[in-house]
Amino acid sequence: MMTASVVLFNTPKTQIERLFESVRASACVAIFYVIDNSPNDAMRILQETYSAAQTKIRYIHNENLGYGASHNLAMHEAIEAGAKYHVVLNPDVYFDSTVLSELARFMDANTDAAYVLPRVEFPNGELQYLCKLLPTPADLIFRRFLPKRWGKKRDDRYCLKMSGYDKVMNPPCLSGCFMFMRLATLAEHNIFFDDGYFMYCEDFDLIRRLHRVAKTLYYPAVKIVHDHARESYKSRAMLWAHIKSAVRYFNKWGWCFDRERGEINRRCLREIKSWQK
């Protein structure tokens, strides 16, 4: 059984309906958890609108616990329901009907993997570089605050652009916009989102912990579309939330001194260089 979840906060109805149509058309998701952290429960209508659909909507109107803590509610329920795979979704993604079944087939064939990310594109077809090394503080500072030309070489390395994004690879840090995960691994190792992150960096933290115990793979044979708005580049409140989460991440894992980060990043780079010989 497969389940999925999305967290809403004043999300446009058209956006969540587009996502649900992607999930419904896949015909392999038994329960779609909609955790709504908005001030009102206007989106409860989704549960009624799609009551006859093959995919059951489990609508949860909740206080705003944050992105990761909200998805944790769904993942714990999914484990209790006996689900094998769970997909954490951003409301701004969509995909065709074959994507989820193909990812399930891929994960069935790669039992040592706990997570898989497909190719991710903008609506215009441009590739999003969402496979990364474990970040250093300089990586995030260069990306956000300095002119692109100053840090282009460093950023290209951080985003693993030299890989070509055309092969299966095992990066230690991947995007949280679409997280296809094996629930048995999460349950066995008690790996869930750290509730201490309200928004941003919770995906880096979770995938780093998963990468310790299993493979976290990029699989470019299938693709999704991510209509990414980059809110922290437009809103001071979102920028501040991003900064606070980054501080929490580096306080937890290490700022300048993080031996594990260095070892994992070197292993990832060695793997990519071995393809190029």
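Scroll up a little and you will see the structure.
In short, a report on the structure.

What counts and what doesn't
Residues numbered from 1 in each chain as written. Predicted model: local features only at pLDDT ≥ 70, side-chain atom pairs only at ≥ 80, totals over all residues. Heavy atoms only, no water. Phe/Tyr/Trp six-rings, centres within 6.5 Å; stacked < 30°, edge-to-face > 60°. Helix = DSSP H or I, 4+ residues; strand = E, 2+ residues; numbered from the N terminus. Buried < 20%, exposed > 50% of the residue type's maximum accessible area, 1.4 Å probe, protein only. Lys NZ or Arg CZ within 6 Å of the ring centre and 35° of its normal. Disulfide = S-S within 2.5 Å. Pairing = 2+ DSSP bridges. Contact = heavy atoms within 4.5 Å. Axes fitted to C-alpha atoms, helices over the stretch in contact; angles between N-to-C directions.

1. Considering the packing of aromatic side chains
Counted according to the given criterion, the structure contains 10 aromatic pairs. Here F95 and F178 contribute two aromatic rings whose centre-to-centre distance is 5.7 Å and whose plane-to-plane angle is 85°, an arrangement assigned as edge-to-face. Pair noted here: F95 is in the loop between β5 (93-94) and α4 (99-109) and F178 is in strand β9 (residues 178-182), with a separation of 83 residues, a long-range link. Assigned by exposure class, F95 and F178 land together as buried. Where F106 meets Y219, the ring centres are 4.0 Å apart and the plane angle is 20°; that geometry is what we call stacked. Taken together, the residues span a long stretch of sequence, with F106 in helix α4 and Y219 in strand β10 (residues 215-226) at a distance of 113 residues. Here F106 matches Y219 in class, with each residue buried. Note that K161 overlies the ring of Y129, its terminal NZ or CZ placed 4.6 Å from the centroid. Seen from the ring of Y197, R248 lies directly overhead, with NZ or CZ sitting 5.3 Å from the centre.

2. Some remarks on the state of the cysteines
In the structure shown here, the tally under the stated rule is zero disulfides. Lacking any disulfide linkage, C177 is separated from the closest cysteine sulfur, that of C131, by 10 Å. The thiol of C201 is not disulfide-bonded; the next cysteine sulfur, from C173, is found 8.7 Å away.

3. Quick look at the sheet that holds β9
Spatially, eight strands are ordered β3-β2-β1-β4-β9-β6-β10-β5 in an open sheet, and the strand pairing comes out mixed. Strands at the two margins of the open sheet, each flanked by one partner only, are β3 (56-61) and β5. Taken together, the seven bridges between strand β1 (residues 2-8) and strand β2 (residues 29-36) define a ladder with parallel strand orientation. Counted as the bridge partner of L8 is D36 from β2. Set on the sheet, helix α1 (residues 13-26) makes contact with β1, β2, β3, β4 (85-89) and β5; between it and β2 the angle comes to about 165°.

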